[in-house]
Amino acid sequence: MTEAWDAAVEAQIRGAVQRGEFDNLPGMGKPIPGRGMPYDESWWIKSFLEREKLPSDLLLPTPLQLRRRVEQVPDEVRDLPTEQSVRDFVGQLNTQIVAWLRNPEGPRVAVRPVNADEVVRRWRAERAGPEMGTPAVEPVTAVAPPRRTRRSWWLRWWRRG
């Protein structure tokens with residue numbers, strides 16, 4: 001049975017070669033990419049990102065993506081036209097951060113919501129111009145969550161009983 005299958009496949013290949021269907025294929029005569037290099041387990045991910053021109057940030061876990069976005073806030077709001085658009089941008093980012101804080105996945109990384117008033121103040125200072133003496137880009141500070149008081153373990157145990 002397999003011999004008949006092999007014969008049929010070989011006959012189709014020979015017919016395609018005679019018709020010239022394998023002539024002028026893309027990559028013909030070119031070396032195989034990656035040949036002679038050490039094996040990389042994630043070669044297909046790297047080639048996909050390169051082929052589709054996607055940023056490698058997509059491979060990061062959610063908290064690291066959020067942290068990177070918090071670091072890039074001054075650059076991203078720089079060209080926004082109005083104060084309301086800056087506040088909307090920061091509000092959307094804070095919504096994503098709070099959603100992650102409610103249901104954290106991935107590594108435990110400190111990510112806090114961004115202070116919208118601080119971002120707007122820096123945005124205004126940048127709009128006013130560098131002649132005012134303010135630095136162009138300052139790190140964005142995050143809003144600190146309210147601190148919980150810590151109870152000792154024996155107090156929690158004693159209240160349960």
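So, a few notes on the structure that sits alongside this text.

Scoring rules and cut-offs
- Residues numbered from 1 in each chain as written.
- Predicted model: local features only at pLDDT ≥ 70, side-chain atom pairs only at ≥ 80, totals over all residues.
- Heavy atoms only, no water.
- Helix = DSSP H or I, 4+ residues; strand = E, 2+ residues; numbered from the N terminus.
- Buried < 20%, exposed > 50% of the residue type's maximum accessible area, 1.4 Å probe, protein only.
- Contact = heavy atoms within 4.5 Å.
- Areas by Shrake-Rupley, 256 points an atom, 1.4 Å probe, with all protein chains shown as cover.
- Arc of directions from axis to C-beta.
- Salt bridge = Lys/Arg side-chain N within 4 Å of Asp/Glu carboxyl O.
- Patch = residues over 30% accessible without salt bridge, like charges linked within 9 Å, V, L, I, M, F, W, Y side chains within 5 Å.

With that settled, consider the overall build of the protein chain. Across its full length, the protein chain carries seven helices and zero strands. For the protein chain, the α and β elements follow one another from N to C terminus as α-α-α-α-α-α-α. Per-residue burial for the protein chain yields a buried fraction of 16% across its 161 residues. For the protein chain, restricting intrachain contacts to residue pairs at least 6 apart in sequence, the fraction spanning at least 24 positions comes to 58%. Accessible surface computed for the protein chain: about 13,700 Å², of which carbon and sulfur atoms make up 56%.

With that settled, the discussion passes to helix α3 (residues 62-71). The set of residues buried in α3 consists of Pro63, Leu66 and Val70. Looking straight down α3, one finds that the buried residues subtend no more than 65 degrees of arc, so they occupy a single side. Each element contacted by the buried residues of α3 is listed here: α4 (73-77) and α5 (83-102).

With respect to the helices and strands, the residue Asn94 is situated in helix α5. Asn94 gets classed as buried once you look at its relative accessible area, which sits at 14%. Apart from the residues within four sequence positions on either side, Asn94 is in contact with Pro113 and Val114.

To continue, consider the pattern of salt bridges. With the rule as written, the count across this model stands at eleven salt bridges. Among the salt bridges present, the one from Asp117 reaches Arg87, with a minimum N-O distance of 2.9 Å. In this pair, Asp117 sits in helix α6 (residues 116-128) while Arg87 sits in helix α5, placing the two residues 30 residues apart along the sequence. For Arg122, the salt bridge is made with Glu118, and the minimal N-O distance between the two is 2.9 Å. Residue Arg122 and its partner Glu118 are both found in helix α6; the two are separated by four residues, about one turn of the helix.

Here we come to a nonpolar patch on the surface. Nonpolar side chains collect at one region of the surface, where Trp5, Val9, Ile13, Val17, Phe22, Leu25 and Met28 lie side by side and expose about 710 Å² of accessible area between them. Along the polypeptide, Ile13 turns up in helix α1 (residues 2-19).

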